[in-house]
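Notes for the structure review
Residues per chain are reported as follows:
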Amino acid sequence: MAVSRMVLGVHYPQDVMLGLILGSLNLWLFVRYSPILISWFLAKKVITQSLYLIVFGLLIQLIAVWLHDAFEYRQSLFASSGVLIGGVAGVLVCRLFINFNIIGVWRVKAISVLIGLMLVGLFYVSLSWLYYFVFEDTQLITANLFYQIRYALIGALVTLIVPLIFVKMKIFKMDIIT
């Protein structure tokens, strides 16, 4: 994939190398520190977790507004904050009201991941088509808002809706928390 960016003339070799180095560093930091961060985060109450994630989403929004001249970066930040908002909403609903348990062998889990990816891909393509069909000028504030809502729906789809579909397919087991 990295070589194709250079072959197509889209990026210089130093851009690709820096991307590979930064991506590797990011992966190493995630593998090294995510267990510590996750245990710290899960030790907090759900309401405190929500506040942390809302503040983080708002910080991403502020950066997006600050980058008003760099449209490509602003759109990716709107997408990131949208996925964060939708994903957090789905996770909070699951943590507060529903307990999912994945049942079955690794093949069932692998098939559920593939089905989930196909559903998310279909949803993404449908919403992308709608976005470009409705908004001729993608720099309008309403277009940016729809762009963020599109990614929030994808985040909620991944964290809540697809697991509920798997419950109906009897791949997941669901316990309602009372």
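A few points on the structure. Only a predicted model underlies this, so the values are computations on that prediction, with no experimental measurement involved. (Residues numbered from 1 in each chain as written. Predicted model: local features only at pLDDT ≥ 70, side-chain atom pairs only at ≥ 80, totals over all residues. Heavy atoms only, no water.)

A look at the overall build of the protein
Basically, it comes down to this: Each helix corresponds to a stretch of at least 4 residues labelled H or I by DSSP, and each strand to a stretch of at least 2 residues labelled E; elements are numbered beginning at the N terminus. Note on exposure labels: buried denotes an accessible area under 20% of the residue type's maximum, exposed denotes more than 50%, and partly exposed covers the range between, all computed with a 1.4 Å probe on protein chains only. By definition, residues are in contact when any of their heavy atoms lie within 4.5 Å.
Scanning the protein from N- to C-terminus turns up six helices and two strands. Along its sequence from the N terminus, the protein presents helices and strands in the succession α-α-α-α-β-α-α-β. Within the protein, the proportion of its 178 residues that are buried is 28%. Counting only contacts in the protein whose residues sit at least 6 apart along the sequence, the fraction spanning at least 24 positions is 68%.

Details of the layout of surface pockets
Spelled out, the test is: Think of a 1 Å grid over the protein atoms and nothing else: a 1.4 Å probe that fits but is trapped marks a cavity, an open set flanked by protein within 12 Å on at least five of seven lines marks a pocket, and residues with an atom within 4 Å of a point count as lining. Grid points are joined across faces, edges and corners, and a volume is the space filled by probe spheres set on the points.
Approximately 360 Å³ is the volume attributed to the largest pocket. Lining the largest pocket are 17 residues; nearest its centre among them are Phe-41, Leu-53, Phe-56, Leu-84 and Val-88. Within the residue set of the lining of the largest pocket, elements represented by two or more residues are helix 2 (13-42), helix 3 (46-66) and helix 4 (71-97). Sort the elements by how many residues they give to the lining of the largest pocket and helix 4 lands first, with eight residues.

Regarding the packing of aromatic side chains
We apply this condition: Note on aromatic contacts: the rings of Phe and Tyr and the six-membered ring of Trp form a pair at centre separations within 6.5 Å, being stacked when their planes are under 30 degrees apart, edge-to-face when over 60 apart, and tilted otherwise.
In total, this model carries five aromatic pairs according to the counting rule given. A ring pair is formed by Trp-40 and Tyr-52, whose centres lie 5.3 Å apart and whose planes are at 40°; its orientation type is tilted. Separated by twelve residues along the polypeptide, Trp-40 in helix 2 and Tyr-52 in helix 3 bring together distant segments of the chain. Taking 5.2 Å as the distance between ring centres and 55° as the angle between the ring planes, the aromatic pair formed by Tyr-147 and Tyr-151 counts as tilted. On the criterion of helical spacing, the pair formed by Tyr-147 and Tyr-151 is a turn pair, its members being four residues apart in helix 6 (residues 141-168).

Regarding a nonpolar patch on the surface
What counts, and what does not: Grouping into patches uses exposed residues only, defined as over 30% relative accessible area, and leaves out salt-bridged ones; the cut-off is 9 Å for like charges and 5 Å for nonpolar side chains (Val, Leu, Ile, Met, Phe, Trp, Tyr). To measure how exposed things are, a 1.4 Å probe is used in the Shrake-Rupley method; for residues, cover is taken only from the protein chains shown. We define a salt bridge as a side-chain nitrogen of Lys or Arg found within 4 Å of a carboxyl oxygen belonging to Asp or Glu.
Taken together, Leu-18, Leu-22, Leu-25, Trp-28, Leu-29, Tyr-33, Ile-36, Leu-37, Trp-40 and Tyr-52 make up a surface patch of nonpolar side chains, about 1000 Å² in accessible area. Top element by residues in the nonpolar patch is helix 2. It accounts for nine residues. Tracing the sequence through the fold places Leu-29 in helix 2. Since its relative accessible area comes to 36%, Leu-29 is described here as partly exposed.

A look at the environment of Lys-44
Along the chain, the position of Lys-44 falls in the loop between helix 2 and helix 3. Beyond its immediate chain neighbours, meaning those up to four positions away, Lys-44 contacts Gln-49 and Tyr-52.

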